[in-house]
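# Report on the structure
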Amino acid sequence: MYILAFETSCDETSAAVLKDDNVLSNIILSQYFHSEYGGVVPEVASREHLRSISEITEKALSEAGIRIKDIDMIASTSEPGLIGALLIGLNFAKSLAVSLKIPFVPINHIQAHIYSSFIQKEKFDFPFISLIVSGGHTLLIYVEDYFKHKLLGTTVDDAAGEAFDKAAKMLGLGYPGGPIIDEFAKRGNPEFHKFPLANIKRSKFDFSFSGIKTSVLYFLKEIGYKKTKSDKLTYDICASFQKAMIDSLFNKTKKAAEEYRTKNISISGGVSANTGLKEKFEQLRNKGYNIYIPETNYSTDNAGMVGITAYYKYINSGNKEFFKDASFKTMAMPRFDFNSI
Ligand code: KG4
Ligand code: ZN
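Description of the structure in this document. Values in this document were obtained by computation on a predicted structure and should not be read as measured data. (Residues numbered from 1 in each chain as written. Chains lettered and ligands numbered in written order. Predicted model: local features only at pLDDT ≥ 70, side-chain atom pairs only at ≥ 80, totals over all residues. Heavy atoms only, no water.)

### Considering the overall build of the protein
A tally of regular secondary structure across the protein gives 11 helices and 10 strands. Taken over the C-alpha atoms alone, the protein extends approximately 65 × 45 × 35 Å along its principal axes. A buried classification covers 53% of the 341 residues belonging to the protein. Per element, the accessible surface of the protein, about 15,200 Å² overall, is 52% carbon and sulfur. On the protein, the mean spot of the 41 positive side-chain charges and the mean spot of the 39 negative ones are 4 Å from each other. (Helix = DSSP H or I, 4+ residues; strand = E, 2+ residues; numbered from the N terminus. Buried < 20%, exposed > 50% of the residue type's maximum accessible area, 1.4 Å probe, protein only. Areas by Shrake-Rupley, 256 points an atom, 1.4 Å probe, with all protein chains shown as cover. Lys, Arg positive; Asp, Glu negative; His and termini not counted. Charge placed at Lys NZ, Arg CZ, Asp CG, Glu CD.)

### Focus: helix α5 (residues 177–185)
The set of residues buried in α5 consists of G177, G178, I181, D182, F184 and A185. If you follow the buried residues of α5, they end up packed against α4 (160–170), α7 (232–259) and α8 (275–282). (Contact = heavy atoms within 4.5 Å.)

### Here we look at the sheet that holds strand β4 (residues 73–79)
Taken together, 5 strands build an open sheet; the order of strands is β3-β2-β1-β4-β5 and the sheet is mixed. Edge positions in the sheet fall to β3 (22–30) and β5 (104–108), since each of these pairs with one other strand and no more. Direction aside, neighbouring strands of the sheet carry axes that sit 20° apart on average. In this fold helix α3 (residues 109–116) packs onto β1 (2–7), β4 and β5, with an angle of close to 80° to the strand it touches most, β5. Each of β1, β2 (12–19), β3, β4 and β5 touches helix α10 (residues 303–315); the most contacted strand, β1, lies at about 130° to it. (Pairing = 2+ DSSP bridges. Axes fitted to C-alpha atoms, helices over the stretch in contact; angles between N-to-C directions.)

### Focus: the sheet that holds strand β10 (residues 290–292)
Paired through their backbone hydrogen bonds, the strands of a sheet run either parallel or antiparallel. With mixed pairing, 5 strands are arranged side by side in an open sheet as β8-β7-β6-β9-β10. Looking at which strands have only one partner, the edges of the open sheet turn out to be β8 (148–154) and β10. Between one strand and the next, the sheet's axes are offset by a mean angle of 20°, whatever the strand orientation. Direction of pairing for strand β6 (residues 128–133) relative to strand β9 (residues 264–268): parallel, over a ladder of 4 bridges. Across the sheet, L131 pairs through a bridge with I267, a residue of β9. The strands that α3 touches are β6, β7 (138–145), β8 and β9; relative to β7, the one it contacts most, it runs at about 70°.

### Some points on the coordination of the zinc ion (ligand 2)
In the first shell of the zinc ion (ligand 2), the protein supplies H109 (NE2), H113 (NE2) and D301 (OD), at 2.1 to 2.2 Å from the metal. One can describe the donor arrangement at the zinc ion (ligand 2) as irregular, given that its 4 donor atoms subtend angles of 93 to 146° at the metal. Donor residues binding the zinc ion (ligand 2) come from one chain and are separated in sequence as H-x3-H-x187-D. Taken together, the residues span a long stretch of sequence, with H113 in helix α3 and D301 in the loop between α9 (296–299) and α10 at a distance of 188 residues. Considered together, H113 and D301 belong to a single accessibility category, that of buried residues. (Donors = N, O, S within 2.8 Å, 3.2 Å for Na, K, Ca; no water. Tetrahedral: all angles 85-135°; square planar, octahedral: opposite > 155°, others 65-115°.)

### Let's talk about the site of ligand 1
Neighbouring ligand 1 are 20 residues, the closest being G135, D165, D182, G270 and N274. For ligand 1, an oxygen atom lies 3.5 Å from a polar atom in the side chain of H109. Computed on the free molecule, ligand 1 has an accessible area of 550 Å², of which 90% lies beneath the protein chains in the complex. Sorting the residues of the shell around ligand 1 by element identifies α3, α4 and α5 as the ones contributing at least two each. (Near = heavy atom within 4 Å. Polar contact = N/O pair within 3.5 Å; in protein donor to acceptor, adjacent residues only side chain to side chain.)

### Let's talk about the packing of aromatic side chains
This model, assessed by the stated rule, comprises 24 aromatic pairs. Measuring from ring centre to ring centre gives 5.0 Å for Y115 and F147, while their planes differ by 45°; the resulting arrangement is tilted. Of this pair, Y115 sits in helix α3 while F147 sits in the loop between β7 and β8, placing them 32 residues apart in sequence. Note on Y115: relative accessible area 0%, which makes it buried. Each ring, one from F184 and one from Y235, has its centre 5.1 Å from the other, and the planes form 75°; the classification is edge-to-face. Of this pair, F184 sits in helix α5 while Y235 sits in helix α7, placing them 51 residues apart in sequence. Y235 matches F184 in its accessibility class, with the two residues each being buried. Above the plane of the ring of F207 lies K252, whose end atom (NZ or CZ) is 5.8 Å from the centre. Here the guanidinium or amino end of K280 rests over the ring plane of F250, the centre of that ring lying 5.0 Å away. (Phe/Tyr/Trp six-rings, centres within 6.5 Å; stacked < 30°, edge-to-face > 60°. Lys NZ or Arg CZ within 6 Å of the ring centre and 35° of its normal.)

### Structural notes on the side chain of S117
Positionally, S117 belongs in the loop between α3 and β6. Of the residues examined, S117 reaches a relative accessible area of 0% and is grouped as buried. Looking at S117, its side chain comes within polar contact range of the side chain of S266, at 3.0 Å. Aside from chain neighbours lying at most four places away, what touches S117 is S266, I267, S268, Y292 and P294.

### A few points about the pattern of salt bridges
Enumeration according to the criterion identifies 14 salt bridges in this entry. The shortest N-O distance in the salt bridge between E48 and R51 comes to 2.7 Å. Placement of the pair is E48 and R51 together in helix α1 (residues 42–64), with a separation of 3 residues, close to one helical turn. D158 is the partner of K166 in a salt bridge, and the nearest nitrogen-oxygen pair spans 3.3 Å. The exposure class assigned to D158 is buried, which follows from its relative accessible area of 8%. In the salt-bridge network here, residues are joined through shared partners; they are D158, E162, K166 and K213. (Salt bridge = Lys/Arg side-chain N within 4 Å of Asp/Glu carboxyl O.)

Shown next, in the form of C-alpha coordinates:
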(Lines give C-alpha, C1' and ligand atoms only; values in the text may rest on other atoms or scores of the structure.)
(Ligands and ions follow the chains in the order given, each with its own letter.)
Protein backbone atom coordinates (compact mmCIF):
# COMPACT_ATOMS: atom_id res chain seq x y z
CA MET A 1 0.00 0.00 0.00
CA TYR A 2 1.28 3.47 -0.92
CA ILE A 3 0.42 6.29 1.49
CA LEU A 4 0.76 10.04 0.92
CA ALA A 5 0.88 11.94 4.23
CA PHE A 6 0.86 15.61 5.24
CA GLU A 7 1.82 17.62 8.31
CA THR A 8 1.09 21.35 8.60
CA SER A 9 0.05 21.81 12.23
CA CYS A 10 2.62 24.47 13.11
CA ASP A 11 5.66 25.81 11.25
CA GLU A 12 6.77 22.83 9.16
CA THR A 13 5.23 22.08 5.78
CA SER A 14 5.83 18.40 5.20
CA ALA A 15 4.74 15.66 2.79
CA ALA A 16 5.86 12.02 2.83
CA VAL A 17 5.32 8.91 0.75
CA LEU A 18 5.32 5.50 2.43
CA LYS A 19 5.16 1.95 1.16
CA ASP A 20 3.38 0.35 4.12
CA ASP A 21 5.46 1.34 7.17
CA ASN A 22 8.53 2.13 5.10
CA VAL A 23 9.13 5.85 4.52
CA LEU A 24 10.24 6.39 0.91
CA SER A 25 10.43 10.19 1.11
CA ASN A 26 9.92 12.76 3.85
CA ILE A 27 10.18 16.35 2.63
CA ILE A 28 10.18 19.04 5.33
CA LEU A 29 10.19 22.78 4.79
CA SER A 30 10.89 24.54 8.10
CA GLN A 31 9.72 28.14 8.37
CA TYR A 32 12.87 29.50 9.99
CA PHE A 33 11.89 33.10 9.32
CA HIS A 34 9.62 33.03 12.42
CA SER A 35 12.82 33.45 14.48
CA GLU A 36 12.67 37.13 13.55
CA TYR A 37 9.51 37.44 15.67
CA GLY A 38 10.73 35.23 18.54
CA GLY A 39 7.97 32.65 17.95
CA VAL A 40 5.55 31.28 15.37
CA VAL A 41 3.10 33.82 13.90
CA PRO A 42 0.00 31.74 13.00
CA GLU A 43 -1.24 33.85 10.09
CA VAL A 44 2.21 33.93 8.48
CA ALA A 45 2.62 30.17 9.03
CA SER A 46 -0.69 29.43 7.26
CA ARG A 47 0.21 31.58 4.26
CA GLU A 48 3.57 29.88 3.94
CA HIS A 49 1.94 26.41 4.05
CA LEU A 50 -0.45 27.53 1.33
CA ARG A 51 2.38 28.85 -0.82
CA SER A 52 4.53 25.72 -0.59
CA ILE A 53 2.29 22.68 -0.15
CA SER A 54 1.91 21.76 -3.86
CA GLU A 55 5.64 21.95 -4.46
CA ILE A 56 6.44 19.92 -1.32
CA THR A 57 3.95 17.26 -2.45
CA GLU A 58 5.52 17.04 -5.90
CA LYS A 59 8.96 16.69 -4.33
CA ALA A 60 7.80 13.92 -1.99
CA LEU A 61 6.29 11.98 -4.91
CA SER A 62 9.28 12.44 -7.19
CA GLU A 63 11.83 11.52 -4.49
CA ALA A 64 9.85 8.36 -3.77
CA GLY A 65 9.56 7.62 -7.51
CA ILE A 66 5.81 7.21 -7.17
CA ARG A 67 3.06 8.72 -9.35
CA ILE A 68 0.03 10.27 -7.69
CA LYS A 69 -2.27 7.71 -9.32
CA ASP A 70 -0.36 4.91 -7.50
CA ILE A 71 -1.29 6.31 -4.07
CA ASP A 72 -3.82 4.16 -2.17
CA MET A 73 -4.52 6.29 0.90
CA ILE A 74 -4.01 9.89 2.04
CA ALA A 75 -3.43 11.03 5.62
CA SER A 76 -3.04 14.42 7.24
CA THR A 77 -2.68 15.85 10.74
CA SER A 78 -6.12 16.99 11.84
CA GLU A 79 -5.50 18.04 15.46
CA PRO A 80 -4.12 19.59 17.64
CA GLY A 81 -2.32 22.61 16.19
CA LEU A 82 -2.76 26.11 14.81
CA ILE A 83 -6.16 26.03 13.16
CA GLY A 84 -5.23 28.06 10.06
CA ALA A 85 -2.11 25.96 9.54
CA LEU A 86 -3.96 22.66 10.06
CA LEU A 87 -6.65 23.62 7.58
CA ILE A 88 -4.17 24.05 4.74
CA GLY A 89 -2.80 20.49 4.96
CA LEU A 90 -6.11 18.97 5.91
CA ASN A 91 -8.10 20.47 3.07
CA PHE A 92 -5.35 19.94 0.50
CA ALA A 93 -5.20 16.26 1.55
CA LYS A 94 -8.98 15.82 1.60
CA SER A 95 -9.40 17.41 -1.83
CA LEU A 96 -6.72 15.15 -3.30
CA ALA A 97 -8.37 12.09 -1.73
CA VAL A 98 -11.78 13.03 -3.10
CA SER A 99 -10.43 13.71 -6.58
CA LEU A 100 -8.47 10.42 -6.62
CA LYS A 101 -11.42 8.54 -5.08
CA ILE A 102 -9.20 7.08 -2.34
CA PRO A 103 -9.65 7.11 1.45
CA PHE A 104 -8.53 9.96 3.64
CA VAL A 105 -7.40 9.38 7.24
CA PRO A 106 -7.20 12.22 9.79
CA ILE A 107 -4.33 11.73 12.25
CA ASN A 108 -3.84 13.10 15.75
CA HIS A 109 -0.47 14.89 15.91
CA ILE A 110 0.34 13.49 19.38
CA GLN A 111 -0.32 9.94 18.23
CA ALA A 112 1.93 10.61 15.25
CA HIS A 113 4.74 11.66 17.62
CA ILE A 114 4.24 8.44 19.63
CA TYR A 115 4.66 6.21 16.56
CA SER A 116 7.45 8.32 15.02
CA SER A 117 9.86 6.34 17.21
CA PHE A 118 9.27 3.24 15.10
CA ILE A 119 10.03 4.67 11.66
CA GLN A 120 12.74 2.60 9.90
CA LYS A 121 13.07 0.36 12.96
CA GLU A 122 13.24 -3.41 12.70
CA LYS A 123 10.98 -4.18 15.63
CA PHE A 124 9.49 -2.80 18.81
CA ASP A 125 7.58 -4.18 21.76
CA PHE A 126 4.46 -3.25 23.66
CA PRO A 127 3.77 -2.07 26.29
CA PHE A 128 5.98 1.00 26.46
CA ILE A 129 6.18 4.36 28.18
CA SER A 130 6.11 7.21 25.68
CA LEU A 131 7.58 10.60 26.58
CA ILE A 132 6.53 13.23 24.06
CA VAL A 133 8.47 16.47 24.35
CA SER A 134 7.92 19.21 21.81
CA GLY A 135 7.46 22.95 21.56
CA GLY A 136 3.76 22.68 22.33
CA HIS A 137 3.44 19.46 24.37
CA THR A 138 4.96 17.47 27.18
CA LEU A 139 3.16 14.20 27.79
CA LEU A 140 3.88 10.93 29.51
CA ILE A 141 1.77 8.10 28.11
CA TYR A 142 1.47 4.39 28.83
CA VAL A 143 1.01 2.59 25.51
CA GLU A 144 -0.41 -0.85 26.16
CA ASP A 145 -0.88 -1.78 22.51
CA TYR A 146 -1.58 -0.04 19.20
CA PHE A 147 -3.83 2.94 20.00
CA LYS A 148 -4.40 1.85 23.59
CA HIS A 149 -3.03 4.90 25.33
CA LYS A 150 -3.27 5.93 28.95
CA LEU A 151 -2.27 9.48 29.75
CA LEU A 152 -0.09 9.50 32.89
CA GLY A 153 1.00 13.12 33.06
CA THR A 154 1.34 16.43 31.25
CA THR A 155 2.98 19.74 31.96
CA VAL A 156 1.09 22.03 34.29
CA ASP A 157 2.60 25.12 32.63
CA ASP A 158 5.21 25.41 29.84
CA ALA A 159 6.04 22.61 27.41
CA ALA A 160 9.63 21.31 27.55
CA GLY A 161 10.54 22.79 24.16
CA GLU A 162 8.93 26.07 25.15
CA ALA A 163 11.18 26.18 28.25
CA PHE A 164 14.25 25.64 26.03
CA ASP A 165 13.03 28.39 23.69
CA LYS A 166 12.36 30.83 26.54
CA ALA A 167 15.70 30.20 28.25
CA ALA A 168 17.47 30.74 24.91
CA LYS A 169 15.58 33.98 24.43
CA MET A 170 16.69 35.25 27.87
CA LEU A 171 20.26 34.42 26.90
CA GLY A 172 19.79 36.23 23.59
CA LEU A 173 20.43 33.08 21.54
CA GLY A 174 17.56 33.17 19.03
CA TYR A 175 14.66 30.86 18.09
CA PRO A 176 14.15 27.91 18.19
CA GLY A 177 16.34 27.76 21.26
CA GLY A 178 16.52 23.98 21.82
CA PRO A 179 19.13 23.16 19.15
CA ILE A 180 21.31 26.17 20.16
CA ILE A 181 21.24 25.30 23.87
CA ASP A 182 22.02 21.69 22.90
CA GLU A 183 25.15 22.78 21.01
CA PHE A 184 26.32 25.25 23.67
CA ALA A 185 25.68 22.75 26.49
CA LYS A 186 28.28 20.42 24.94
CA ARG A 187 30.94 23.05 25.64
CA GLY A 188 29.77 23.94 29.17
CA ASN A 189 29.83 22.56 32.71
CA PRO A 190 26.47 21.08 33.80
CA GLU A 191 27.49 21.41 37.48
CA PHE A 192 28.14 25.16 37.14
CA HIS A 193 24.81 26.11 38.72
CA LYS A 194 21.95 24.06 40.14
CA PHE A 195 18.61 25.15 38.67
CA PRO A 196 15.82 23.70 40.84
CA LEU A 197 13.53 20.86 39.75
CA ALA A 198 9.84 21.50 40.32
CA ASN A 199 7.89 19.47 42.83
CA ILE A 200 4.34 19.05 41.50
CA LYS A 201 1.50 18.28 43.85
CA ARG A 202 -1.16 17.46 41.19
CA SER A 203 0.23 14.12 40.03
CA LYS A 204 3.57 12.36 40.40
CA PHE A 205 3.86 12.12 36.61
CA ASP A 206 3.12 15.77 35.82
CA PHE A 207 5.85 18.20 34.81
CA SER A 208 6.44 21.88 35.48
CA PHE A 209 9.05 24.03 33.79
CA SER A 210 8.05 27.56 34.65
CA GLY A 211 10.08 27.36 37.91
CA ILE A 212 13.30 26.49 36.04
CA LYS A 213 12.58 29.29 33.60
CA THR A 214 12.08 31.83 36.42
CA SER A 215 15.20 30.67 38.20
CA VAL A 216 17.20 31.24 34.99
CA LEU A 217 15.77 34.76 34.84
CA TYR A 218 16.69 35.51 38.47
CA PHE A 219 20.12 33.98 38.09
CA LEU A 220 20.87 36.11 35.01
CA LYS A 221 19.75 39.23 36.88
CA GLU A 222 21.81 38.29 39.93
CA ILE A 223 25.03 37.90 37.97
CA GLY A 224 24.29 40.91 35.74
CA TYR A 225 24.40 38.71 32.61
CA LYS A 226 25.18 40.56 29.40
CA LYS A 227 23.81 38.92 26.26
CA THR A 228 26.68 37.51 24.23
CA LYS A 229 26.42 34.83 21.59
CA SER A 230 29.24 32.62 22.79
CA ASP A 231 31.43 32.64 25.87
CA LYS A 232 32.26 30.20 28.66
CA LEU A 233 29.61 31.64 30.98
CA THR A 234 26.86 31.18 28.37
CA TYR A 235 28.00 27.60 27.70
CA ASP A 236 27.96 26.83 31.45
CA ILE A 237 24.46 28.29 31.92
CA CYS A 238 23.19 26.31 28.91
CA ALA A 239 24.74 23.09 30.26
CA SER A 240 23.28 23.63 33.76
CA PHE A 241 19.83 24.53 32.44
CA GLN A 242 19.82 21.54 30.11
CA LYS A 243 20.85 19.23 32.96
CA ALA A 244 17.87 20.39 35.06
CA MET A 245 15.51 19.81 32.12
CA ILE A 246 16.94 16.36 31.39
CA ASP A 247 16.84 15.26 35.04
CA SER A 248 13.20 16.22 35.34
CA LEU A 249 12.18 14.44 32.11
CA PHE A 250 14.32 11.37 32.76
CA ASN A 251 13.39 10.81 36.41
CA LYS A 252 9.62 10.84 35.83
CA THR A 253 9.83 8.67 32.72
CA LYS A 254 11.95 6.06 34.50
CA LYS A 255 9.62 6.10 37.49
CA ALA A 256 6.65 5.53 35.16
CA ALA A 257 8.44 2.60 33.48
CA GLU A 258 9.13 1.07 36.89
CA GLU A 259 5.58 1.54 38.11
CA TYR A 260 4.09 0.12 34.90
CA ARG A 261 6.63 -2.72 34.88
CA THR A 262 7.98 -2.22 31.40
CA LYS A 263 11.53 -1.90 30.14
CA ASN A 264 10.43 -0.28 26.88
CA ILE A 265 10.69 3.50 26.66
CA SER A 266 10.13 5.77 23.67
CA ILE A 267 11.00 9.46 23.54
CA SER A 268 9.83 11.61 20.66
CA GLY A 269 8.95 15.18 19.65
CA GLY A 270 11.39 18.00 18.86
CA VAL A 271 13.18 17.90 22.23
CA SER A 272 13.99 14.19 21.76
CA ALA A 273 16.62 15.43 19.28
CA ASN A 274 18.55 16.76 22.31
CA THR A 275 21.96 15.09 22.54
CA GLY A 276 22.11 15.13 26.35
CA LEU A 277 18.60 13.72 26.72
CA LYS A 278 19.31 10.93 24.25
CA GLU A 279 22.57 10.02 26.00
CA LYS A 280 20.86 9.88 29.39
CA PHE A 281 18.18 7.49 28.12
CA GLU A 282 20.65 5.44 26.05
CA GLN A 283 22.50 4.61 29.30
CA LEU A 284 19.45 2.62 30.37
CA ARG A 285 20.22 0.08 27.65
CA ASN A 286 22.91 -1.33 29.97
CA LYS A 287 20.13 -2.09 32.43
CA GLY A 288 18.14 -4.13 29.92
CA TYR A 289 15.86 -1.34 28.65
CA ASN A 290 14.78 -0.96 25.02
CA ILE A 291 15.01 2.72 24.12
CA TYR A 292 13.21 3.96 21.02
CA ILE A 293 14.19 7.40 19.75
CA PRO A 294 13.42 8.65 16.24
CA GLU A 295 16.18 9.90 13.95
CA THR A 296 16.35 13.70 14.06
CA ASN A 297 14.33 14.27 10.86
CA TYR A 298 11.49 12.26 12.43
CA SER A 299 11.68 13.89 15.88
CA THR A 300 10.65 17.40 14.88
CA ASP A 301 7.36 17.74 13.00
CA ASN A 302 7.26 15.67 9.82
CA ALA A 303 4.78 13.88 7.58
CA GLY A 304 6.55 10.50 7.81
CA MET A 305 5.18 10.06 11.33
CA VAL A 306 1.66 10.92 10.11
CA GLY A 307 1.97 8.28 7.38
CA ILE A 308 3.20 5.51 9.67
CA THR A 309 0.40 6.23 12.17
CA ALA A 310 -2.15 6.00 9.33
CA TYR A 311 -0.61 2.67 8.32
CA TYR A 312 -0.79 1.28 11.87
CA LYS A 313 -4.42 2.42 12.07
CA TYR A 314 -5.12 0.64 8.81
CA ILE A 315 -3.49 -2.69 9.75
CA ASN A 316 -5.20 -2.67 13.12
CA SER A 317 -8.75 -2.11 12.02
CA GLY A 318 -10.09 -4.66 9.53
CA ASN A 319 -9.13 -3.21 6.17
CA LYS A 320 -12.34 -2.70 4.16
CA GLU A 321 -14.42 -1.44 7.05
CA PHE A 322 -11.59 0.92 7.93
CA PHE A 323 -11.68 2.46 4.47
CA LYS A 324 -15.41 3.03 4.76
CA ASP A 325 -14.91 4.66 8.13
CA ALA A 326 -11.96 6.70 6.98
CA SER A 327 -13.94 8.21 4.10
CA PHE A 328 -16.74 9.26 6.41
CA LYS A 329 -14.31 10.97 8.74
CA THR A 330 -13.26 13.33 5.97
CA MET A 331 -16.36 15.34 6.80
CA ALA A 332 -15.60 15.98 10.44
CA MET A 333 -12.95 17.73 12.51
CA PRO A 334 -13.01 15.80 15.78
CA ARG A 335 -12.74 17.69 19.05
CA PHE A 336 -9.37 17.30 20.65
CA ASP A 337 -9.37 15.65 24.02
CA PHE A 338 -6.11 14.65 25.71
CA ASN A 339 -7.79 11.63 27.26
CA SER A 340 -8.70 10.26 23.84
CA ILE A 341 -5.25 10.24 22.27
O1 KG4 B 1 7.99 18.62 17.66
P2 KG4 B 1 8.39 19.99 17.24
O3 KG4 B 1 9.12 20.15 15.93
O4 KG4 B 1 7.16 20.94 17.13
C5 KG4 B 1 6.07 20.94 17.98
O6 KG4 B 1 5.16 20.09 17.79
O7 KG4 B 1 6.12 21.79 18.89
O8 KG4 B 1 9.26 20.60 18.44
C9 KG4 B 1 9.87 21.87 18.39
C10 KG4 B 1 10.57 22.12 19.70
C11 KG4 B 1 11.14 23.54 19.85
O12 KG4 B 1 10.74 24.05 21.10
C13 KG4 B 1 12.64 23.33 19.78
O14 KG4 B 1 13.39 24.29 20.54
C15 KG4 B 1 12.79 21.95 20.37
O16 KG4 B 1 11.68 21.23 19.86
N17 KG4 B 1 14.03 21.29 19.96
C18 KG4 B 1 15.03 20.96 20.82
C19 KG4 B 1 16.07 20.41 20.03
N20 KG4 B 1 15.68 20.42 18.71
C21 KG4 B 1 14.41 20.96 18.69
N22 KG4 B 1 15.12 21.08 22.15
C23 KG4 B 1 16.25 20.67 22.74
N24 KG4 B 1 17.30 20.15 22.06
C25 KG4 B 1 17.25 19.99 20.71
N26 KG4 B 1 18.30 19.48 20.04
ZN1 ZN C 1 4.98 18.21 17.07
